[in-house]
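# Examination of the molecular architecture
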Amino acid sequence: MIISTTTFYVILAVLIIALFILASKLKKKGQKKSFWNLLILLAFPVYMFTPHLYTVTACGEYNSEMVLFPKGDYTWGRSCYIVNNSDSNLLLEYIPYGEVDDIPDDIIIRPGETHQASKMEVDYPFRDSPSSVRVKKKKGTIKTRLICYDGSLEEEE
């Protein structure tokens, strides 16, 4: 079932509130820390492993959705899917910030193709990426950018 990203976050919020109410009832019965246990066991995996779906309809126009119960072409996991329903080629760019060991190759997504990216979401869909980001790790991080691809890559200096 494919739902909008906003609807997904509303469902997730309702789930967290329901878990909080259930945990408060369990706490009255002598269970300690039950809210956090329930949250970790139920809500966190739903958030972390529900795939994100970007359906591109034209250059710069896309729908951001979530695949709530993946089946068929979509699977559970820490990834996102990009469906190119436009007439343009797309480029999924992996942008390293800081020292990063393994940088995936950039991917060209042709019209009519679907690509499963190894990241949970596209960080910069059809917008410029910043020249630097703040990272909590010492080494660095990789961000993703989705852009229309005309066949040439500009080398940034």
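Okay, so let's go over this structure. (Residues numbered from 1 in each chain as written. Predicted model: local features only at pLDDT ≥ 70, side-chain atom pairs only at ≥ 80, totals over all residues. Heavy atoms only, no water.)

## Here we look at the state of the cysteines
Where we set the bar: We call a pair of cysteine sulfur atoms a disulfide whenever their separation is within 2.5 Å. Strands are runs of DSSP state E lasting at least two residues, helices are runs of H or I lasting at least four, and both sets are numbered from the N terminus onward.
Enumeration according to the criterion identifies one disulfide in this entry. What pairs with Cys59 in a disulfide is Cys148, and their sulfur atoms sit 1.7 Å apart. Taking the sign of the S-S torsion, about 135 degrees here, the bridge from Cys59 to Cys148 comes out right-handed. Of this pair, Cys59 sits in the loop between β2 (52-58) and β3 (61-67) while Cys148 sits in strand β9 (residues 140-149), placing them 89 residues apart in sequence.

## Overview of the nonpolar core
Burial of nonpolar side chains together is a common tendency in soluble globular proteins. To keep it simple, the criterion reads: Throughout, nonpolar core names a set of buried Ala, Val, Leu, Ile, Met, Phe, Trp, Tyr and Cys residues whose side chains join them through atoms within 4.5 Å. Accessible area is worked out with a 1.4 Å probe on protein chains only. A residue is then buried under 20% of its type maximum, exposed over 50%, and partly exposed in between. Between two residues, a contact is recorded if the distance between any of their heavy atoms is within 4.5 Å.
Of all hydrophobic cores here, the largest spans 12 residues; its members are Tyr54, Val56, Cys80, Ile82, Leu90, Leu92, Tyr94, Ile109, Ala117, Val122, Ile142 and Leu146. Among the elements of the structure, β2, β4 (80-84), β5 (89-98) and β9 are those that each provide at least two residues to this core. Ranked by residue count, the leading element in this core is β5, at three residues. Leu146 has contacts with Val56, Ile82, Leu90, Leu91, Leu92, Val122, Tyr124, Pro125, Phe126 and Arg127, leaving out every residue within four places of it along the chain. Ranked by size, the runner-up nonpolar core spans seven residues in total, among them Ile3, Phe8, Leu12 and Leu68.

## Focus on the sheet that holds strand β6 (residues 107-109)
The condition is simple: Two strands pair under a simple rule: DSSP has to find at least two bridges between them.
Read from one edge of the open sheet, four strands run β6-β5-β9-β8, paired in mixed fashion. Each edge of the sheet is formed by a strand with only one pairing partner; in this case those strands are β6 and β8 (124-125). Bridge analysis of β5 against β6 gives three bridges, and the strand direction is antiparallel. Directly across from Leu90, in β6, lies its bridge partner Ile109.

## Things to note about the environment of Arg110
Tracing the chain through its elements places Arg110 in the loop between β6 and β7 (114-117). The spacing of Arg110 and Ser88 is 22 residues in sequence and 7.0 Å in space, taken between C-alpha atoms. Among residues more than four places away in sequence, those in contact with Arg110 are Asn84 and Asn89.

## Things to note about the sheet that holds β4
Going by this rule: With axes taken as lines fitted to C-alpha atoms, and helix axes fitted only over the stretch in contact, angles between N-to-C directions fall between 0 and 180 degrees.
Strand order in the open sheet formed by five strands is β1-β3-β2-β4-β7, with mixed pairing between adjacent strands. Whereas interior strands pair on both sides, the edge strands pair on one side only; in this sheet they are β1 (2-4) and β7. For this sheet, the mean angle separating the axes of adjacent strands, direction not counted, is 30 degrees. Bridge count between β2 and β4: five bridges; the pairing is parallel. From the neighbouring strand, Tyr54 faces β4, where its bridge partner is Ile82.

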